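Notes for the structure review
Spelled out from the first residue to the last, the chains are:
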Amino acid sequence: MTAVKIDGRLIASKVRDEVNVRVQALSKQGVVPGLAVVLAGDDPASQVYVRNKERMAGRVGINAQTIRLPETLEPSQLRETIHRLNADEAVDGILVQLPLPGHIDAALATSILNEIDPAKDVDGLHPLNLGRLLAGEPGFVACTPSGCMRLLKESDVICRGRRAVVIGRSTIVGKPMAHLLLAADATVTICHSRTQDLADRVREADIIIAAVGRPEFIKRDWVKPGAAVIDVGINRTADGKLVGDVAYDEVAEVAGAITPVPGGVGPMTIAYLLDNVTRAAARRANR
Ligand code: NDP
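Bear in mind the structure is a predicted one, so any value in this text is a computation, not a measurement. (Residues numbered from 1 in each chain as written. Predicted model: local features only at pLDDT ≥ 70, side-chain atom pairs only at ≥ 80, totals over all residues. Heavy atoms only, no water.)

**Quick notes on the overall build of the protein chain**
Short version of the rule: To qualify as a helix, a DSSP run of H or I must reach at least 4 residues; to qualify as a strand, a run of E must reach at least 2; elements of each kind are numbered from the N terminus. When accessible area is computed with a 1.4 Å probe and restricted to protein chains, residues below 20% of their type maximum are described as buried, those above 50% as exposed, and intermediate ones as partly exposed. We call two residues contacting when some pair of their heavy atoms lies within 4.5 Å. Every accessible area reported is derived by Shrake-Rupley at a probe size of 1.4 Å, with residue values counting cover from the shown protein chains alone. Positive charges come from Lys and Arg alone, negative charges from Asp and Glu alone, with His and the N- and C-terminal ends not counted. All charge positions are set by atom: Lys at NZ, Arg at CZ, Asp at CG, Glu at CD.
In terms of helices and strands, the protein chain carries 10 helices and 11 strands. A buried classification covers 49% of the 287 residues belonging to the protein chain. The long-range share in the protein chain, meaning contacts at least 24 apart out of those at least 6 apart in sequence, stands at 71%. Summed over all atoms, the accessible surface of the protein chain reaches about 13400 Å², with 52% contributed by carbon and sulfur. Of the side-chain charges in the protein chain, 35 are positive and 34 negative, and the distance between the mean point of each set is 4 Å.

**Thoughts on the site of the ligand**
Inclusion rule: Here a residue counts as near a molecule or strand whenever at least one of its heavy atoms sits within 4 Å of it. Within 3.5 Å is the distance limit for a polar contact, defined as a pair of N or O atoms, with the added protein rule that one can donate a hydrogen and the other accept it, and that residues adjacent in sequence qualify only through two side-chain atoms. Residue polarity is assigned by list, with Asp, Glu, Lys and Arg as charged and Ala, Val, Leu, Ile, Met, Phe, Trp, Tyr, Cys and Pro as nonpolar; anything else, Gly included, falls into the polar class.
Taken together, 21 residues lie near the ligand, and Arg169, Ser170, Ser193, Arg214 and Thr269 sit nearest. Note that a nitrogen atom of the ligand is positioned 3.0 Å from one of the side-chain N or O atoms of Arg214. Taking Thr269, its side chain carries an N or O atom lying 2.7 Å from an oxygen atom of the ligand. Within the complex, the protein chains bury 70% of what would otherwise be the 920 Å² of accessible surface of the ligand. Per element, the largest residue contribution to the shell around the ligand is three residues, and it comes from helix α10 (residues 265–286). Taken together, the residues of the shell around the ligand sort by class into nine nonpolar, 10 polar and two charged.

**Quick word on the nonpolar core**
Stated formally: As used in this record, nonpolar core signifies buried Ala, Val, Leu, Ile, Met, Phe, Trp, Tyr and Cys residues forming a set joined through side-chain atoms within 4.5 Å. Marked domain ranges trace back to an automatic or database domain assignment.
The biggest cluster of nonpolar side chains holds 50 residues, and the ones touching the most others in it are Leu35, Ile62, Leu152, Leu181, Ile209, Ile230 and Leu274. In terms of residue count, the dominant contributor to this core is α10 (nine residues). When residues of this core are sorted by domain, at least three fall in each of domain 1 (30–123) and domain 2 (143–265). Beyond its immediate stretch of four places on either side in the chain, Leu152 contacts Val157, Cys159, Leu181, Ile207, Ala228 and Ile230. Counting residues in each nonpolar core, the second largest holds 22 residues, with Ala3, Leu198, Ala227 and Val229 among its members.

**Let's talk about the layout of surface pockets**
Picture a little ball the size of a water molecule; that probe, rolled over the atoms, points out where space is still empty. Worth spelling out the cut-off: The method works on a 1 Å grid over the protein atoms by themselves. A cavity is a set of points holding a 1.4 Å probe that cannot get out, a pocket is an open set with protein on both sides within 12 Å along at least five of seven lines, and residues with an atom within 4 Å of a point line them. Grid points are joined across faces, edges and corners, and a volume is the space filled by probe spheres set on the points.
Here the second largest pocket defines a volume of roughly 210 Å³. Lining the second largest pocket we find Val141, Ser146, Met149, Arg150, Leu152, Lys153, Val157, Cys159, Leu180, Ala184 and Tyr272. Ranked by the residues each element gives to the lining of the second largest pocket, the list is headed by helix α6 (residues 143–154), at five residues. Each residue belonging to the lining of the second largest pocket can be placed in one class, and the counts come to eight nonpolar, one polar and two charged.

**Re the packing of aromatic side chains**
Rule in force here: Note on ring pairs: Phe, Tyr and Trp rings are taken, using the six-membered ring of Trp, and paired if centres are within 6.5 Å. Classes follow the plane angle, with under 30 degrees stacked, over 60 edge-to-face and the rest tilted. Whether a charge sits over a ring depends on NZ of Lys or CZ of Arg being within 6 Å of the ring centre and within 35 degrees of the ring normal.
All told, the structure shown has one aromatic pair when counted by the stated rule. In this structure, Arg283 packs its charged tip against the face of Phe140, placed 4.7 Å from the ring centre.

**Some remarks on the environment of Leu10**
Mapping Leu10 onto the fold places it in helix α1 (residues 8–28). For the pair Leu10 and Gly264, spaced 254 residues apart in sequence, the C-alpha separation works out to 9.3 Å.

**A short note on a negative patch on the surface**
We apply this condition: Note on patches: the residues involved have over 30% relative accessible area and no salt bridge, like charges join within 9 Å, and the nonpolar side chains Val, Leu, Ile, Met, Phe, Trp and Tyr join within 5 Å. The salt bridge criterion pairs a side-chain nitrogen of Lys or Arg with a carboxyl oxygen of Asp or Glu, the two atoms within 4 Å.
On the surface, Glu216, Asp221, Asp249 and Glu250 cluster together to form a negatively charged patch. Within the element layout of this structure, Asp249 appears in helix α9 (residues 248–251).

**As for the packing of α6 against α10**
Basically, it comes down to this: Only the stretch in contact is used when a helix axis is fitted, and all axes are lines through C-alpha atoms; the angle between N-to-C directions ranges over 0 to 180 degrees. In this scheme, roughly parallel covers angles under 35 degrees and roughly antiparallel covers those over 145, while 65 to 115 is roughly perpendicular and the rest are oblique. In this scheme the crossing of two helices becomes right-handed for a clockwise turn of the near helix relative to the far one and left-handed for an anticlockwise turn of less than a right angle.
Interhelical geometry of α6 versus α10 gives an angle of 110° and a closest axis separation of 7 Å. As far as their axial angle goes, α10 and α6 are roughly perpendicular. The interaxial crossing formed by α6 with α10 has right-handed handedness. Here α6 contributes Cys143, Thr144, Ser146, Gly147, Cys148, Arg150 and Leu151 to the contact with α10, which in turn contributes Val265, Met268, Thr269, Tyr272, Leu273 and Asn276. Here the contact of α6 with α10 is built from residues that sort into seven nonpolar, five polar and one charged.

Below you can see the structure in the form of structure tokens.
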């Protein structure tokens, strides 16, 4: 292996320490940051993610609550929950754990999620916050892309003038990721399932962000020697192993730096959720 392994757990703990300092300062002003996580249904992976978020929030002094709704929930129940949390002064951040149960289709889910107060939208998914990102204005940015940028920064990966390829164009990862890289002066290409000659596009990159959701999809010969590789993917193989979107062992032989799965991007996503909640609470303190 030649690549430097980027330690997401270590960098995430540094972010949490920074958040904790800000939480303590807020508590001196009488403000305890509050996070409400809405969990609908009983998807096992979602249960684990929500538990981790709650645990990490507690560690930095954020008051986290989980609102559990049944798998069979009516869309109106979710709407009412969001409206109640929007009105709750003690709640600074609202997060609806995705995916929602299957009977709520994507368009309906989006319309309900858009009812989250943009000032409490700590997932950065509200169109107002997405627009602010596009316009280069301050707002909430999705946690995973923010975490990826910090991983690059902590690993001394320079974005300015370099070629970055983002594989995946979801609203929660791929698109905001591309905009953050653009804001950092990288030349950005976004690839997706209709991209032709994908391996050739990836091979041009100094920075590769893989957010595809396909186990070990990115191979060694797709990667330019010395490239920085950030693997967002979380995939479970048939034998129960957790792997990323990058064939780690072989790509680590040519990359300059690479994130492992687990222990790379995952911890950063939670750390930046806590960061966003603390920002929201700071705005409350300044009102
Ligand atoms: P989505 O399914 O929403 O998006 C996947 C993207 O990959 C789509 O844009 C899709 O293209 C593209 N894609 C799929 N197949 C191919 C292919 N064969 N070639 C090129 N592009 C392809 O997923 P998310 O963005 O939500 O998540 C991506 C991965 O990251 C998942 O494994 C998820 O579990 C993980 N994840 C990890 C997080 C973390 O904290 N580490 C946080 C969030 C997600 P198209 O648009 O054309 O369909």
